[in-house]
Amino acid sequence: MKFWMAVVLGVVQGVAEFLPISSSGHLSLLQHFFGMPEPDQLYNILLHFATLIAVCVAYRKDIADMVLEFFRWVSALCTGKGGGERGSPPEARRMILLLILGTLPLFLVLPIEDMVEAMGANPMFVSLMLLLTGCILFLSDHYGGGRKTARTATVKDVLLVGLAQGMATVPGLSRSGTTISAGMALGFERNFAVRFSFLLSLPAVLGATLLKVVKVAGAGGVDVKLLPMYLTGMVIAGVVGYFSISLVKLLADKGRFGRFAYYCWIVGGAALIASFFFTGPVPGA
């Protein structure tokens with residue numbers, strides 16, 4: 001992998017991982033139509049880790065509150081105080097429980113993980129999924145304006161959002177777009193829909209990263225000469241990802257989240273048409 005390609009992949013990861021346009025779909029189409037080689041497994045892991053850090057920075061207060069509340073909860077249980085105060089639990093504690101519940105549907109995908117990843121090899125299928133993502137985003141603005149928050153969201157709500165996240169493992173379906181739109185459709189307040197979606201990505205990305213690290217560790221060592229290129233890509237992905245999160249929060253708050261639908265329709269439509277004429281990389285690309 002060349003240095004310029006590492007930079008491009010860093011930008012694509014930072015933008016498409018958080019903007020509702022499907023990073024896996026874009027990578028698949030770039031590989032098919034322009035012959036861009038698939039990044040090595042270690043670099044792919046590092047890029048995802050960089051975007052995970054971007055989420056942690058963007059939502060550092062929420063994460064700090066949940067970590068502190070978790071230890072308070074454990075301390076209360078150990079001292080026999082019942083693990084909580086009378087009435088409703090603190091918001092941070094309830095958010096921990098909601099994230100755990102929302103992550104559970106991902107375990108349904110594990111048995112068919114290889115089959116799902118193989119779908120990315122079909123550009124026509126990926127194009128159709130991008131078009132579907134556009135439809136989901138377009139409808140999302142019409143379902144916005146709910147009032148549910150971390151204190152009022154139900155178990156059924158978060159399980160359905162988690163199910164949407166599991167479905168979004170399909171290449172071409174945007175994880176952030178699908179989960180945020182699902183939250184809005186279920187009556188989540190716009191800011192909470194975005195916040196819950198990105199926080200929900202943490203256990204999912206962390207779990208997937210750890211599994212891939214185990215596979216890479218068993219395949220061999222790390223080429224030290226490639227570390228500067230890896231670090232450059234990570235920094236780019238992290239910084240671009242942080243600003244992408246800010247953009248999503250801004251547009252969702254203003255009720256303009258559906259604007260991304262037009263981009264998905266254009267790219268998906270163009271790729272679908274191109275898939276009828278091109279069976280491989282563009283000559284000279």
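Keep in mind it's a predicted model, so treat the numbers as computed, not measured.

What counts and what doesn't
Residues numbered from 1 in each chain as written. Predicted model: local features only at pLDDT ≥ 70, side-chain atom pairs only at ≥ 80, totals over all residues. Heavy atoms only, no water. Phe/Tyr/Trp six-rings, centres within 6.5 Å; stacked < 30°, edge-to-face > 60°. Helix = DSSP H or I, 4+ residues; strand = E, 2+ residues; numbered from the N terminus. Buried < 20%, exposed > 50% of the residue type's maximum accessible area, 1.4 Å probe, protein only. Lys NZ or Arg CZ within 6 Å of the ring centre and 35° of its normal. Axes fitted to C-alpha atoms, helices over the stretch in contact; angles between N-to-C directions. Parallel < 35°, antiparallel > 145°, perpendicular 65-115°, else oblique. Contact = heavy atoms within 4.5 Å. Nonpolar A, V, L, I, M, F, W, Y, C, P; charged D, E, K, R; others polar. Core = buried A, V, L, I, M, F, W, Y, C linked by side-chain atoms within 4.5 Å. Polar contact = N/O pair within 3.5 Å; in protein donor to acceptor, adjacent residues only side chain to side chain. Left-handed = near helix turned anticlockwise from the far one by under 90°. Expected span 1.5 Å × (residues − 1).

Counted by the stated rule, this structure contains 12 aromatic pairs. With 5.6 Å between their ring centres and 80° between their planes, Phe18 and Phe198 make a pair best called edge-to-face. With Phe18 in the loop between α1 (3-16) and α2 (23-34) and Phe198 in helix α10 (residues 190-219), this residue pair connects regions lying 180 residues apart in the sequence. Assessed through its relative accessible area of 3%, Phe18 is described here as buried. Taking the ring centre of Tyr59 as reference, the NZ or CZ of Lys249 above it sits at 5.0 Å.

With that settled, the discussion passes to the packing of helix α4 (residues 60-78) against helix α5 (residues 91-103). Running from N to C, α4 and α5 cross one another at 95°; their axes reach a closest spacing of 8 Å. On the basis of the axis angle, α4 is roughly perpendicular to α5. Along its contact with α4, which presents Asp65, Met66, Glu69, Phe70 and Trp73, the element α5 presents Ala92, Arg93, Met95, Ile96, Leu97 and Leu99. Partitioning the contact of α4 with α5 into residue classes produces 8 nonpolar, no polar and 3 charged.

Another aspect to go through is the nonpolar core. Among the nonpolar cores identified, the biggest contains 42 residues, and Tyr59, Met95, Phe196, Phe198 and Phe257 are the most heavily contacted of them. Of all the elements in the fold, those that place two or more residues in this core are α3 (41-58), α5, α8 (155-167), α9 (175-185), α10, α11 (227-253) and α12 (260-277). By residue number, the principal contributor to this core is α10, which donates 9 residues.

We now examine the side chain of His26. For His26, the location among the structural elements is in helix α2. Residue classification places His26 among the buried positions, given a relative accessible area of 14%. Looking at His26, its side chain comes within polar contact range of the main-chain oxygen of Ser22, at 2.9 Å. The residues touching His26, leaving out its near neighbours within four places in the chain, are Val12, Ile21, Tyr263 and Val267.

We now examine the environment of Val8. Tracing the backbone through its elements, the reader meets Val8 in helix α1. As for Val8 and Ser174, which are separated by 166 residues in sequence, their C-alpha atoms are 20 Å apart.

Next up on the list: unusual backbone geometry. The phi angle at Ser22 is positive, at roughly 70°, despite the residue not being glycine. Tracing the backbone shows Ser22 in the loop between α1 and α2. A residue is classified by how much of its surface remains accessible, and Ser22, at 2% relative accessible area, is buried.

This part covers the packing of α2 against α12. Contact pair α2 / α12: the axes reach a minimum separation of 12 Å and the direction vectors enclose 30°. Here α2 is positioned roughly parallel relative to α12, judged by the angle of their axes. With respect to the hand of their crossing, α2 and α12 are arranged in left-handed fashion. Counted together, His26, Leu29 and Phe33 of α2 and Tyr263, Val267, Ala271, Ala274 and Ser275 of α12 form the full contact between these two elements. Its residues assigned to classes, the contact of α2 with α12 comprises 6 nonpolar, 2 polar and no charged.

A few words now on α1. Taking 1.5 Å of rise per residue, 14 residues should cover 20 Å, and α1 covers 20 Å from first to last C-alpha, within 8% of that figure. For α1, every residue scored as buried is listed here: Met5, Ala6, Leu9, Gly10, Gln13, Gly14 and Ala16.

This brings us to the environment of Val194. Considering the arrangement of structural elements, one finds Val194 in helix α10. Owing to a relative accessible area of 2%, Val194 belongs among the buried residues under this scheme. Taking the C-alpha atoms as reference points, Val194 and Ser275, 81 residues apart in sequence, are found 33 Å from one another. The residues contacting Val194, other than those within four sequence positions of it, are Tyr59, Ile180, Val248, Lys249 and Ala252.

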